[in-house]
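Breakdown of the fold
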Protein chains: 2
Amino acid sequence: MGTFAFAEIAQALVEEIQAGKYPPGSSLPSERELSERFRVSPGTVRMALRELVADGTVDGSRGRPKRVVRIPRRQAPFDEFRSFAQWARRQGHEPGGDVVRAEWRIADAQDELMLGVQRGRRVFRVQRVRTLDGEKVMLEHTHYPEWLGEIVETIDDDAPSVTALLADEHNIHFTHAEHAFGAERARAADADLLGITRSSALLVHRRVSRDSTGRALEWSSDRYIAGKIMLSVGNSWHSNPLQWITPEAFGGE
Amino acid sequence: MGTFAFAEIAQALVEEIQAGKYPPGSSLPSERELSERFRVSPGTVRMALRELVADGTVDGSRGRPKRVVRIPRRQAPFDEFRSFAQWARRQGHEPGGDVVRAEWRIADAQDELMLGVQRGRRVFRVQRVRTLDGEKVMLEHTHYPEWLGEIVETIDDDAPSVTALLADEHNIHFTHAEHAFGAERARAADADLLGITRSSALLVHRRVSRDSTGRALEWSSDRYIAGKIMLSVGNSWHSNPLQWITPEAFGGE
DNA sequence: TAGTGGTCTAGACCACTCC
DNA sequence: GAGTGGTCTAGACCACTAA
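Residues numbered from 1 in each chain as written. Chains lettered and ligands numbered in written order. Predicted model: local features only at pLDDT ≥ 70, side-chain atom pairs only at ≥ 80, totals over all residues. Heavy atoms only, no water.

A count of helical and extended segments in chain A gives nine helices and ten strands. Residues classed as buried in chain A amount to 53% of the 253 residues present. Sequence-distant contacts, at least 24 apart, represent 58% of the contacts inside chain A between residues at least 6 apart. Averaging the positions of the 34 positive and the 37 negative side-chain charges in chain A gives two centres separated by 6 Å. (Helix = DSSP H or I, 4+ residues; strand = E, 2+ residues; numbered from the N terminus. Buried < 20%, exposed > 50% of the residue type's maximum accessible area, 1.4 Å probe, protein only. Contact = heavy atoms within 4.5 Å. Lys, Arg positive; Asp, Glu negative; His and termini not counted. Charge placed at Lys NZ, Arg CZ, Asp CG, Glu CD.)

Laid out in structure tokens, this is it:
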């Protein structure tokens, strides 16, 4: 694959900002200066700067030098957000968990909305309790369409990463997802599984994952024990991935 | 200001996708074809396509035509997410609310972390109950640094939009924000203010807003009644604004 | 008015996919 | 091997900012 000039320049600038060479509030050198310094054409520098603008590290507008807004944090790769196990390990925690139930069900209205599966067809549902360093953290319900459920069904419950296995052995790649976050009061059954008192607060995370053709691969509803974990997002004038929605608009009940 | 060629092309493609001309799973025409059709150079078409890739409408990788992943939703402007009133009106709801309290406080550790204000200095805090069509929905605590608090203090409680007023009359513009979302159980005082039963679940939204120089303008902690509202986000292999964090990392307690 | 970034052009070469 | 998008070049012009 090899690494590209614009990516190296972006990385170099990020490191210089982190090192304090350009503190928040200060301006970056002009594109001309940077293109001389890195010995590339101005267009290549622009590509690098566009990355910094997109992730909110830097602010740009016409006629004004680019200004540093904040110290850039490391950008997590897509998989690290999608996969609980990968995220946990990267944080230095030991992920674990048990499959509580795995079963075929008849697709209902929610499955139809989230997966685009016809009602009445089969859907494979896996229910897991997830742990972090041995402590219960989250209750996960994942739903697969029939064709994928038949593959998932054959995978060992203890497989380190379902995602990696699907990619390597079946050429199935998760590349896009849509998420909705809310809160709810723990129901009796959930509270028992998580070992918390009833009516505790839970952070709810619903998600549809797709491959690069837009085909829905799974939908999932995860419930985190309140206070263990939060979701972090940035946005800016130039890019705003965030929206408020009503629960009904996203597989609500 | 005028609108630009690449933006018009992006818009035209979005509309064609929405109209079903390129359904999810199908491929877009090649960049060469598009550049002939729109009578612009290939580079301009690329700029348009880059937008669609960035917001997850379309998937691209080397050597393969761009493929439609999903029907693009309208992208909300930054202000619409930051400002409750603007969001509500756009949804066709009538926003309302009362200031419960507005007072000067001594900056504590949380103010220091979120605003970069020295502990012991003054911070202005405004507490509001927000309503949607007359129904209580959210409890909002906003904290301003001293210099900005002195301006906000003079603003009428009933001003339609604090944001707009700060922009127009004081040249203060919100351009960036960082957010964290979690859940918590309603405390007695909050439950009383919102008119819900104690121990109801709340969706917690903490936020730091900045201007284009990276200066923190406010931090806020909002609590939504569970079930009224959810947060929606998209991510993809190419852009992932999402991270899980521990509550301590974002003004936690 | 000088300097900046934003847009746009018209090419080139390369990595990759698919046939 | 033909076709594709991704990267990169070396310019041009314009809108905007700040002095």
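Read on, since the account is not over.
Core analysis: the largest hydrophobic core is formed by 34 residues, its most contacted members being Tyr224, Leu231 and Trp244 of chain A together with Tyr224, Leu231 and Trp244 of chain B. If near-sequence neighbours (up to four positions away) are discounted, Leu231 of chain A is found in contact with Phe81 and Phe181 of chain A together with His179, Ala180, Phe181, Leu231, Leu242, Gln243 and Trp244 of chain B. (Core = buried A, V, L, I, M, F, W, Y, C linked by side-chain atoms within 4.5 Å.)

Okay, a negative patch on the surface next. Taken together, the side chains of Asp98, Asp156, Asp157 and Asp158 of chain A present a region of like negative charge at the surface. With respect to the element layout, Asp157 of chain A can be found in the loop between helix H7 (146-152) and helix H8 (162-170). (Patch = residues over 30% accessible without salt bridge, like charges linked within 9 Å, V, L, I, M, F, W, Y side chains within 5 Å. Areas by Shrake-Rupley, 256 points an atom, 1.4 Å probe, with all protein chains shown as cover. Salt bridge = Lys/Arg side-chain N within 4 Å of Asp/Glu carboxyl O.)

Spatially, the eight strands line up as an open sheet ordered E3(B)-E4(B)-E5(B)-E8(B)-E7(B)-E6(B)-E9(A)-E10(B), and their pairing is antiparallel. Every interior strand has two partners, whereas the edge strands, strand E3 (95-106) and strand E10 (243-245) of chain B, have only one. The mean angle between the axes of side-by-side strands here comes to 20°, regardless of whether they run parallel or antiparallel. By the bridge criterion, three bridges tie strand E9 (residues 230-236) of chain A to E10 of chain B in an arrangement that is antiparallel. Across the sheet, Leu231 of chain A pairs through a bridge with Trp244 of chain B, a residue of E10 of chain B. (Pairing = 2+ DSSP bridges. Axes fitted to C-alpha atoms, helices over the stretch in contact; angles between N-to-C directions.)

It is worth spelling out the protein's contact with DNA strand D at this point. By nearness alone, 22 residues border DNA strand D, and Ala5, Ser41, Thr44 and Arg62 of chain A together with Lys66 of chain B come closest of all. When atoms of DNA strand D within 4 Å of the protein are split into backbone and base, the sugar-phosphate part holds 80%. The backbone of Ala5 of chain A places a nitrogen or oxygen atom 2.7 Å from a phosphate oxygen of DNA strand D. For the surface near DNA strand D, the secondary-structure elements that each account for two or more residues are helix H1 (5-18) of chain A together with helix H2 (31-38), strand E1 (58-61) and strand E2 (64-68) of chain B. Looking at the surface near DNA strand D element by element, the count peaks at three residues for E2 of chain B. (Near = heavy atom within 4 Å. Polar contact = N/O pair within 3.5 Å; in protein donor to acceptor, adjacent residues only side chain to side chain.)

With an axial shift of 0.0 Å and an RMSD of 0.0 Å, the rotation relating chain B to chain A amounts to 180°. What the rotation and shift describe, once combined, is the action of a two-fold rotation axis. Minimal C-alpha distance to the rotation axis in chain B is attained by Ala201 of chain B, lying at 2.4 Å. An overlap of 100% is found between the interface residues of chain B and their copies at the interface of chain A, pointing to a shared contact surface. (Least-squares fit on C-alpha atoms with pLDDT ≥ 70 in both.)

Before going further, it helps to spend a moment on the domain arrangement of chain A. We note that the domain assignment places domain 1 (5-68) and domain 2 (78-250) within chain A. Each of domain 1 of chain A and domain 2 of chain A has a C-alpha centre, and the two are 37 Å apart. (Domains from an automatic or database assignment.)

Under the present numbering, the feature "domain: HTH gntR-type" (unreviewed entry) in UniProt falls on residues 3-71 of chain A. For residues 3-71 of chain A, the end-to-end C-alpha separation is 23 Å, with 51% helix and 13% strand making up the annotated structure. (UniProt positions renumbered as here; feature names shortened; annotations may be inferred.)

Applying the stated criterion across every chain yields a total of 14 aromatic pairs over all chains. A ring pair is formed by Trp244 of chain A and Phe81 of chain B, whose centres lie 5.3 Å apart and whose planes are at 15°; its orientation type is stacked. Of this pair, Trp244 of chain A sits in strand E10 (residues 243-245) while Phe81 of chain B sits in helix H4 (residues 78-82), placing the two residues on different chains. For the pair formed by Trp244 of chain A and Phe81 of chain B, the shared burial category is buried. (Phe/Tyr/Trp six-rings, centres within 6.5 Å; stacked < 30°, edge-to-face > 60°.)

A few words on the interface of chain B and chain A. Interface extent is often summarised as the accessible area lost during association of the parts. Counting residues at the interface gives 67 residues for chain B and 67 residues for chain A. Together, Met230, Gln243 and Trp244 of chain B form the three largest contributors to the area buried by chain B at its contact with chain A, with a combined 16%. Our enumeration of links across chain B and chain A arrives at two salt bridges. In this structure, Arg70 of chain B and Glu178 of chain A form a salt bridge, with 3.1 Å as the shortest nitrogen-oxygen distance. Our count for the contact surface shared by chain B and chain A stands at 26 residue pairs in polar contact (both at pLDDT 80 or more). Ranked by residue count, the leading element in the side of chain B that touches chain A is strand E6 (residues 176-185) of chain B, at ten residues. Sheet topology places strand E6 (residues 176-185) of chain A next to strand E9 (residues 230-236) of chain B; six bridges connect them, and they run antiparallel. Bridging from a neighbouring strand, Glu178 of chain A pairs with Gly234 of chain B of E9 of chain B. (Buried area = accessible area lost by both parts, 1.4 Å probe.)

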